[in-house]
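The chain contents come next:
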Amino acid sequence: MSIGGKPLLYSYWRSSCSWRVRIALNLKEIPYDIKPISLIKGGGEQHCNDYREVNPMEQVPALQIDGHTIVESLNIMHYLEETRPQRPLMPSDVYKRAKVREVCEVIQSGIQPLQNLVVLIYVGEEKKKEWAQHWINRGLRAVEKLLTTCAGKYCVGDDITLADCCLIPQVFNARRFHVDLRPFPIILRIDRELENHPAFRAAHPSCQPDCPPEAK
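Residues numbered from 1 in each chain as written. Predicted model: local features only at pLDDT ≥ 70, side-chain atom pairs only at ≥ 80, totals over all residues. Heavy atoms only, no water.

The next thing to look at is the overall build of the protein chain. Counting its secondary structure elements, the protein chain contains 9 helices and 4 strands. The order of α-helices and β-strands along the protein chain, N terminus first, is β-α-β-α-β-β-α-α-α-α-α-α-α. The globule rule puts the C-alpha radius of gyration for 216 residues at 17 Å, and the 17 Å found for the protein chain is close to it. Relative to its full complement of 216 residues, the protein chain shows a buried share of 48%. (Helix = DSSP H or I, 4+ residues; strand = E, 2+ residues; numbered from the N terminus. Rg over C-alpha atoms; globule rule 2.2 N^0.38 Å. Buried < 20%, exposed > 50% of the residue type's maximum accessible area, 1.4 Å probe, protein only.)

Right under this line is the structure:
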């Protein structure tokens with residue numbers, strides 16, 4: 001825990017997994033401090049012995065809260081939902097809850113890991129853009145199709161949910177890799193709807209304490 005007892009988020013400015021959690025914390029109006037973990041400095045601070053004690057998977061994010069350390073972004077967000085149910089990010093309807101989890105899982109299992117830094121390093125500089133574009137396109141096609149059955153103003157109905165927390169960082173990553181987003185009109189509409197929302201803006205990589213000046 002940080003000084004003053006606030007939750008402490010181990011985060012990297014451009015990590016989409018960290019970004020999801022920042023959005024959820026902001027939406028729930030939970031004050032927190034950030035401990036930046038550089039994924040590139042010195043070969044990656046996530047691999048140092050001290051951080052391995054925090055998260056044995058050597059990944060961000062990790063959240064110290066309520067005297068516990070919680071890892072894995074979706075797990076963290078569900079913990080926040082279960083322990084702080086005010087300002088809910090999951091619908092009360094069972095089917096809608098399933099749809100939220102569906103969108104989250106496609107992004108966090110079927111897209112994000114395949115364009116993760118450790119994977120791209122393994123793929124190599126020459127192939128990494130083509131590789132990332134292929135898997136992002138494949139995953140966003142599935143997300144777009146799923147959204148045709150459940151989207152309202154946002155991913156699932158007219159209330160912001162954990163699905164939106166996952167989607168917006170992934171759209172940012174798609175743009176980073178120059179993915180053509182025109183085939184995904186529902187995704188683009190939701191992204192436009194949320195781009196100026198205060199909780200999403202405050203969580204944006206450019207607003208993070210470890211964001212390099214040239215990226216702001």
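Moving on to the packing of helix H4 (residues 94-110) against helix H7 (residues 162-176). Each pair of packed helices can be summarised by the angle the axes make with each other and by the distance between the axes. At a minimum axis distance of 8 Å, the contact between H4 and H7 shows a crossing angle of 25 degrees. In terms of orientation, H4 and H7 fall into the roughly parallel class. Seen along the crossing, H4 lies across H7 with a hand that is left-handed. Counted together, Val100, Val103, Cys104 and Ile107 of H4 and Leu162, Ala163, Cys166, Leu167 and Gln170 of H7 form the full contact between these two elements. (Axes fitted to C-alpha atoms, helices over the stretch in contact; angles between N-to-C directions. Parallel < 35°, antiparallel > 145°, perpendicular 65-115°, else oblique. Left-handed = near helix turned anticlockwise from the far one by under 90°. Contact = heavy atoms within 4.5 Å.)

A few words now on the UniProt feature "domain: GST N-terminal" (unreviewed entry) in the protein chain. UniProt feature "domain: GST N-terminal" (unreviewed entry): in the numbering of this structure it lies at residues 5-88. Between the first and last C-alpha atoms of residues 5-88 the distance is 23 Å; the span itself is 35% helix and 19% strand. (UniProt positions renumbered as here; feature names shortened; annotations may be inferred.)

Moving on, we get to helix H3 (residues 73-83). Residues of H3 that are buried: Ser73, Leu74, Ile76, Met77, Tyr79, Leu80 and Glu81. Considering only its buried residues, H3 is in contact with helix H1 (16-27), strand E3 (62-65), strand E4 (68-71), H4 and H7.

Okay, the domain arrangement of the protein chain next. What the domain assignment reports for the protein chain is domain 1 (10-87) and domain 2 (94-200). On a C-alpha basis, the centres of domain 1 and domain 2 stand 19 Å from each other. With 15 residues of domain 1 in contact, the opposing surface of domain 2 contributes 19 residues. Overall, the association of domain 1 and domain 2 removes approximately 1600 Å² of surface from exposure, summing both partners, and the carbon and sulfur fraction of that is 73%. Connecting domain 1 to domain 2 are 0 salt bridges. Here domain 1 is connected to domain 2 by 1 residue pair in polar contact (both at pLDDT 80 or more). Looking at the side of domain 1 that touches domain 2, the elements that each hand over two or more residues are H1 and H3. In terms of residue count, the dominant contributor to the side of domain 1 that touches domain 2 is H1 (8 residues). (Domains from an automatic or database assignment. Buried area = accessible area lost by both parts, 1.4 Å probe. Salt bridge = Lys/Arg side-chain N within 4 Å of Asp/Glu carboxyl O. Polar contact = N/O pair within 3.5 Å; in protein donor to acceptor, adjacent residues only side chain to side chain.)

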